[in-house]
Amino acid sequence: MASSAIFILDLKGKVIIARNYRGDVDMGVIDKFMPLLVEKEEEGMVTPILIHHEATFVFIKHSNLYFVSTCRTNVNVSLVLSFLYKSVEVFTDYFKEVEEESVRDNFVVVYELLDEMMDFGFPQVMDSNILQLYITQEYHKLEKAPRPPMAVTNAVSWRSEGIKYRKNEVFLDVIESVNMLASANGTVLQSEIVGVVKMRVYLTGMPELRLGLNDKVLFEGSGRGKSKSVELEDVKFHQCVRLSRFESDRTIAFIPPDGSFELMSYRLNTVVKPLIWIETSVERHSHSRVEYMIKAKSQFKRRSTANNVEVIIPVPSDADSPKFKTSIGSVRYTPEQSAFVWTIKSFPGGKEYLLSAHFSLPSVVREESEGRPPIKVKFEIPYFTTSGIQVRYLKITEKSGYQSLPWVRYITQNGEYQMRMK
Amino acid sequence: MTDSKYFTTTKKGEIFELKTELNSDKKEKKREAVKKVIASMTVGKDVSALFPDVVNCMQTDNLELKKLVYLYLMNYAKSQPDLAIMAVNTFVKDCEDPNPLIRALAVRTMGCIRVEKITEYLCEPLRKCMKDQDPYVRKTAAVCVAKLHDMNPTLVEEQGFVELLNDLLSDAIPMVVANAVAALSEINEQRSLIEVNSQMVNKLLTALNECTEWGQVFILDALAGYAPRDEREAQNICERISPRLAHANAAVVLSTVKVLMKLIEQLPNDSDFITQLTRKLAPPMVTLLSAEPEIQYVALRNINLIVQKRPDILKQEMKVFFVKYNDPIYVKMEKLDIMIRLAQQSNIAQVLSELKEYATEVDVDFVRKSVRAIGRCAIKVEQSSERCVQTLLELIQTKVNYVVQEAVVVIKDIFRKYPNRYESIISTLCENLDTLDEPEARASMIWIIGEYAERIDNADELLESFLDGFHDENTQVQLQLLTAVVKLFLKRPQDTQQLVQKVLSLATQDSDNPDLRDRGYIYWRLLSADPAAAKQVVLAEKPLISEETDLLEPSLLDQLVCHIGTLASVYHKPPNSFIDTARQPLRQINNSASNHTAAAAADILGSASVSSAPQPAVIPAQDNLIADLLSLDIAAPTPGVSAGMSAAPMPTTGGDFDDLLGGIGGGMGGGADLSGLGGIGGGIGGGLAGFEDGNQAAAGNAGIGLSDWFGGSSAQTQGVQLPRQVWLDAAANMGLQLEGTVVRRNGMITLDMTITNKAMQAMSGFAVQFNKNSFGLLPAEPLQVNAPLFPGQTINVSLPCNTDGPVQRMDPLTNLQS
């Protein structure tokens, strides 16, 4: 059912932290992990789960650390992996950068957290907001020993009572990332919008929030079918949102955690016109040179502007002596990623820009073939959502009846935005 | 100031120094010393010598220090059981502390100390903590029961902890409920003590809405083991859990999918409700593909199962499985598998253009799999075969070595699926003969040459060119070469006699590989005895290969769907193959063996009910095997009462089944020519059941290799006798052990069996039933076992068989159940 033990290892597989939860594996088994991983890597057969006859290893890698769980039964792997990721999040909230040094520096707290976050292999309390109330490095500053906060076992396990702010404010960011994959001949193979609503909540007490979006299902149900609405394909909510309420009447109602968190994410599969489109023509003269003509087109409304646009175009790794010519922005060659990057600080809608590039190629051709990485584009378009999603209202009710201010921002940015090259 | 300084002490006499510091009067110094001890422990130094000194620090009001000492205790108590007792007093005292954090900490830690003496002292504090007024303590105590059960199951039962745990399911605090259900599920896994009933389900569904994400997973996983009484209840559960699909945590989503997939099975198949529900399932699974790569991998492996079980759910979602350039290789490979599963006429054009793109990437394994995928598309979607073959030819033109080899292998399969359609490309293939250096590709090419020898003018030259290095070839290639030359000879006998003689002598005289030699002799004898028969056998029409490869066996698939999200679902292996057999509680359940048998029996029935009838899955624990069975029968809708009733559907788990298959499988490809002749594989489904008071005991299936098929020509009446094999193992079949073999006696096929009763009760009323099989094998007379078989007794029986029974062709022939 659950993890036998959790290990934090350095890149060489040396144990930094080990916590045995069930006593059913020999803790020495972890020495088998790294050789097994190396062996699988050599075979090109690495998976996030490695089976050894003494134990099964489920692991993730984070900066220069491996987080490994050993198991001996038919565990719920998705639970174990979620736990590992979540524990990295908690450690990050505790000491910002989670890497070898910071884990060693904080080993006492890491042990305490591991003790609190999992019991006998079952994940327990993992809200860092709440954990920080009773697990801290500053014990000597406390007058008396901490007690478990009410919130730990409450139905509202993510918010503690007695929070106070002088000014009650809520910031809402709607961020949409556009994933797109286009084939070399210019057809869009896949495009989707992944949106998240992030919140920063500075509210007193136990406020009850209700968020209204221009959700198509809701609008059609209430006969407002004519106004602009958006069909959200798959919505995922933070655990604070009452899912059964959403299921029954599409109301997003919740008591928020304190501070910043991700309230919800959604996905839309609607095919949108690619916001920024790149056309390339490549002329390759083997043994001597390669020439690129790049055209970048912005295909969104003229009123909007994309900021910090970066077009990353891969070149052969043995290319040299770059020459660029463009009317706008700057270009730099980044040999370490075998590409050149065209940066345009501000790119208004409905425009078209050109770039030509020239590289020399060595006369001797390399033996091994290279992969064909796609063109990637990065951008940010503020005050704009591709899906057209809008926040209609954010109602905040708290028993003391204070006034509060919600702020909403919209931004669209690139997700996995790739175009294959010929 | 950071903690890393504690790791730096390496000088000699360190232990001694620490000892002094630990016994220091200054609190600060003491704490520093304990931290150093923990640091040493972490890096793997043995600091167990400090045990008494560290335990002395335990009585402190400093929480940090207390936690560190507890941590030390958990690590070393096992190696110092006698000294660990010293800590008990403090533990018991801490369990009474006014601070709930300390009470919980004490009971949590005490449960982690796996020392038998301590468990006795644990009972009282644990009982109090389970009724503690603070929910934090109760939720910790709930888990502690599972810990105690792991060490000493009897104690948990005797002390009534299971009932207390059951009470916690009604707790007002959802987290307590969640932990209680997690502990109960864990205990039930080893030994069914508490039956999940509809009342309990209601409580769990209520708690589900309000507990932590992890608690939701525990509850959902427990619900996955529950069989609703009727459709209405199943539908109600579906309605109440489906909002969980919108949870941000992947584990919650997958566990919800698991329960829904299982419950759907119990609802009428074409209801609107199912249509709605399945529509809800696709989006969350697609969203999982934007999660972290490791989670994507688990999701993809599970989607593979879901697509096999209910292809409709994701049939519109092909595009999301397109491979991205920066996906990790393990994600790419899984996406490819699912693309092939979803391929159909409407989307094949897109799939093919993607596959072609992938086939020109750089990762060799991925490219190979992509090429293979093109072949599988051709076989699966007939309308696309033309285009697939075209694509494969284009890829062969690239002359990239491994692409060509892989293409040849799949083209062989395409030839087998669509005979006489694409032979025009053979000449292109022959041009690439020299580049093939992998056994599978060489073997495939040789198969093609042999199969189409009449259309290839220089087939004899091509095959001859391989003969020079015959002994350096891989067995696979040698076997194909042998078969191909024989085929060639049968098709063009005039000018290839020399060639065939050469290859026969290479195979029979110069080879020490028995398979090769035997196949050589068979051909030789066949060719010299009756060339016409040889033609019939070797050039017989081959069965078409099936469209879908590597589909899971349906009962295994059903089982895996009930375990979505677990290791079993990732590896597509039965869940019980991950059960840890080496694990032992500190003390055995009871010394009597009957208890173990009962537990084993409960296990079997528990797993059987998953895949078979929708009847109550849990059996109340009783000491006696037969009592267990009786209670099951009474609960079953149609109790069988009359003695000697005929065998009912018999549970067979995948694992056992495989083990029992003793048949000899003929190889695929060219090897298939031989099955039924050289493969000599035979299978007999024998269900053997012992009855007592109308209870069916055990039954299973046995596969038996018929070794003697061929012996007739050499005029033997008494064939070779194979040693007896275990067909049914007592441990898996409630004490009935069956060993046996097949012999030929007086021209009749006879089953010689040894039946042993390893159960605690006498068995009688034996009967045998054969499943329909490839050979029409049936018992010629009823099974004669007259006297009851007492515990520990063994009996030998012979059962003559004839072959007039109904024949059902199994694929492969040795298979018993399709």
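Since this is a predicted model, take the numbers as computed values, not measurements. (Residues numbered from 1 in each chain as written. Chains lettered and ligands numbered in written order. Predicted model: local features only at pLDDT ≥ 70, side-chain atom pairs only at ≥ 80, totals over all residues. Heavy atoms only, no water.)

K.L.:
So what exactly am I meant to see when it comes to the overall build of chain A here?
P.N.:
Within chain A, the regular secondary structure consists of seven helices and 23 strands. Its C-alpha atoms give chain A principal-axis dimensions of about 75 × 60 × 40 Å. Contacts spanning at least 24 positions in sequence make up 69% of the contacts within chain A whose residues lie at least 6 apart. Put simply, chain A shows about 18,400 Å² of open surface, and 49% of that area lies on carbon and sulfur atoms. In chain A, the 53 positive side-chain charges and the 52 negative ones have mean positions that sit 9 Å from each other. (Helix = DSSP H or I, 4+ residues; strand = E, 2+ residues; numbered from the N terminus. Contact = heavy atoms within 4.5 Å. Areas by Shrake-Rupley, 256 points an atom, 1.4 Å probe, with all protein chains shown as cover. Lys, Arg positive; Asp, Glu negative; His and termini not counted. Charge placed at Lys NZ, Arg CZ, Asp CG, Glu CD.)

K.L.:
Mind showing me how you'd approach the overall build of chain B here?
P.N.:
Each helix and strand counted, chain B has 34 helices and eight strands in total. By residue count, 56% of the 818 residues in chain B fall in the buried class. Put simply, 67% of the contacts in chain B that link residues at least 6 apart link residues at least 24 apart. When the accessible surface of chain B is totalled, it reaches about 34,000 Å², and 50% of it is carbon and sulfur. (Buried < 20%, exposed > 50% of the residue type's maximum accessible area, 1.4 Å probe, protein only.)

K.L.:
Sorry, what's going on with the sheet that holds strand β8 (residues 169-182) of chain A here?
P.N.:
Each strand in a sheet pairs with another by means of backbone hydrogen bonds, the pair being arranged parallel or else antiparallel. If you walk across this open sheet you meet the nine strands as β11-β13-β9-β8-β23-β21-β16-β19-β18 (chain A), and the pairing is mixed. Each end of this open sheet is capped by a strand with a single partner; those strands are β11 (234-237) and β18 (330-334) of chain A. Strand after strand, the sheet turns through a mean of 15° between neighbouring axes, direction not considered. Bridge count between strand β9 (residues 188-202) of chain A and strand β13 (residues 259-268) of chain A: nine bridges; the pairing is antiparallel. Of the residues in β13 of chain A, the one forming a bridge with Arg 200 of chain A is Ser 260 of chain A. Relative to the sheet, helix α16 (residues 272-288) of chain B contacts β11 and β13 of chain A, its axis offset from that of β11 of chain A by approximately 65°. (Pairing = 2+ DSSP bridges. Axes fitted to C-alpha atoms, helices over the stretch in contact; angles between N-to-C directions.)

K.L.:
Explain the interface of chain A and chain B to me, please; I cannot follow it from the model alone.
P.N.:
Many structure descriptions define interface size as the accessible area lost when the parts assemble. Between chain A and chain B, the residue contacts involve 85 residues of the former and 99 residues of the latter. Buried surface at the junction of chain A and chain B, both sides included, amounts to about 8,400 Å², of which 58% is carbon and sulfur. In this assembly, chain A and chain B are joined by nine salt bridges. Its salt-bridge partner being Glu 186 of chain B, residue Arg 22 of chain A comes within 2.2 Å of it at the nearest N-O pair. Here chain A is connected to chain B by 33 residue pairs in polar contact (both at pLDDT 80 or more). At eight residues, the largest contribution of residues to the side of chain A that touches chain B is made by helix α2 (residues 77-95) of chain A. Of the residues contributing to the side of chain A that touches chain B, the split by class is 40 nonpolar, 20 polar and 25 charged. (Buried area = accessible area lost by both parts, 1.4 Å probe. Salt bridge = Lys/Arg side-chain N within 4 Å of Asp/Glu carboxyl O. Polar contact = N/O pair within 3.5 Å; in protein donor to acceptor, adjacent residues only side chain to side chain. Nonpolar A, V, L, I, M, F, W, Y, C, P; charged D, E, K, R; others polar.)

K.L.:
Please clarify how the nonpolar core should be interpreted in this entry.
P.N.:
Note on soluble globular proteins: their nonpolar side chains tend to be buried together. Ranked by size, the top nonpolar core spans 280 residues in total, and within it Phe 91 of chain A together with Tyr 72, Leu 165, Leu 314, Phe 321 and Phe 415 of chain B carry the most contacts. Among all residues touching Tyr 72 of chain B, those that are not within four sequence positions of it are Val 37, Ile 38, Met 41, Val 47, Ser 48, Leu 50, Phe 51 and Val 54 of chain B. Formed by 36 residues, the second largest nonpolar core is a distinct cluster that contains Leu 172, Val 197, Leu 213 and Leu 263 of chain A. (Core = buried A, V, L, I, M, F, W, Y, C linked by side-chain atoms within 4.5 Å.)

K.L.:
I tried to follow the sheet that holds strand β12 (residues 252-254) of chain A on my own but got confused; where do I start?
P.N.:
Residue and element names in this part refer to chain A. Within the open sheet, the three strands sit side by side as β12-β10-β22. Their pairing is antiparallel. Only two strands of the sheet have a single partner each, and these edge strands are β12 and β22 (391-397). Pairwise comparison of adjacent strand axes, ignoring direction, gives a mean angle of 15° for this sheet. Pairing analysis gives six bridges linking strand β10 (residues 208-213) to β22, with the strands arranged antiparallel. Across the sheet, the residue bridging to Arg 210 is Lys 395, located in β22.

K.L.:
Got a minute to help me understand the pairing of strand β21 (residues 375-382) of chain A in this structure?
P.N.:
Two faces make up the sheet, and in a regular strand the side chains alternate between them. Residue and element names in this part refer to chain A. Burial along β21 is one-sided: the face carrying Ile 375, Val 377, Phe 379 and Ile 381 is buried and the face carrying Lys 376, Lys 378, Glu 380 and Pro 382 is not. As paired strands, β21 and strand β23 (residues 405-419) are joined by five bridges and run antiparallel to one another. Looking across to β23, one finds that Glu 380 is bridged to Gln 413.

K.L.:
I'm lost on the packing of helix α24 (residues 439-451) of chain B against helix α25 (residues 459-467) of chain B in this one. Help?
P.N.:
All names here are of chain B. Their axes nearest at 10 Å, the elements α24 and α25 cross at an angle of 150°. Taken together, the axis directions place α24 and α25 in an arrangement best described as roughly antiparallel. The handedness of the crossing between α24 and α25 is left-handed. Residue-level inspection shows Arg 442, Ile 446 and Ile 449 of α24 in contact with α25, the latter providing Ala 459, Leu 462, Leu 463 and Phe 466. Tallied by class, the residues present in the contact of α24 with α25 amount to six nonpolar, no polar and one charged. (Parallel < 35°, antiparallel > 145°, perpendicular 65-115°, else oblique. Left-handed = near helix turned anticlockwise from the far one by under 90°.)

K.L.:
What should I look at first to understand a negative patch on the surface in this one?
P.N.:
Together, Glu 39, Glu 41, Glu 42 and Glu 43 of chain A make up a negatively charged patch on the protein surface. Residue Glu 39 of chain A is classed as partly exposed on the basis of its relative accessible area of 40%. (Patch = residues over 30% accessible without salt bridge, like charges linked within 9 Å, V, L, I, M, F, W, Y side chains within 5 Å.)

K.L.:
Would you mind going over the confidence of the model for chain B with me for this structure?
P.N.:
In low-pLDDT regions, the fine details of the predicted coordinates are not to be read closely. Residues and elements named next belong to chain B. The predicted model of chain B has a mean per-residue pLDDT of 78, with 76% of residues at 70 or higher. Mean pLDDT across the elements of chain B ranges from a minimum in strand β1 (residues 686-692), with 33, to a maximum in helix α17 (residues 293-309), with 96. In the predicted structure, residues 583-719 sits below a pLDDT of 50 and forms 244 contacts with residues beyond four places in sequence or in another chain. Per the prediction output, this complex has pTM 0.77; the corresponding ipTM is 0.87. (pLDDT = per-residue confidence, 0-100.)

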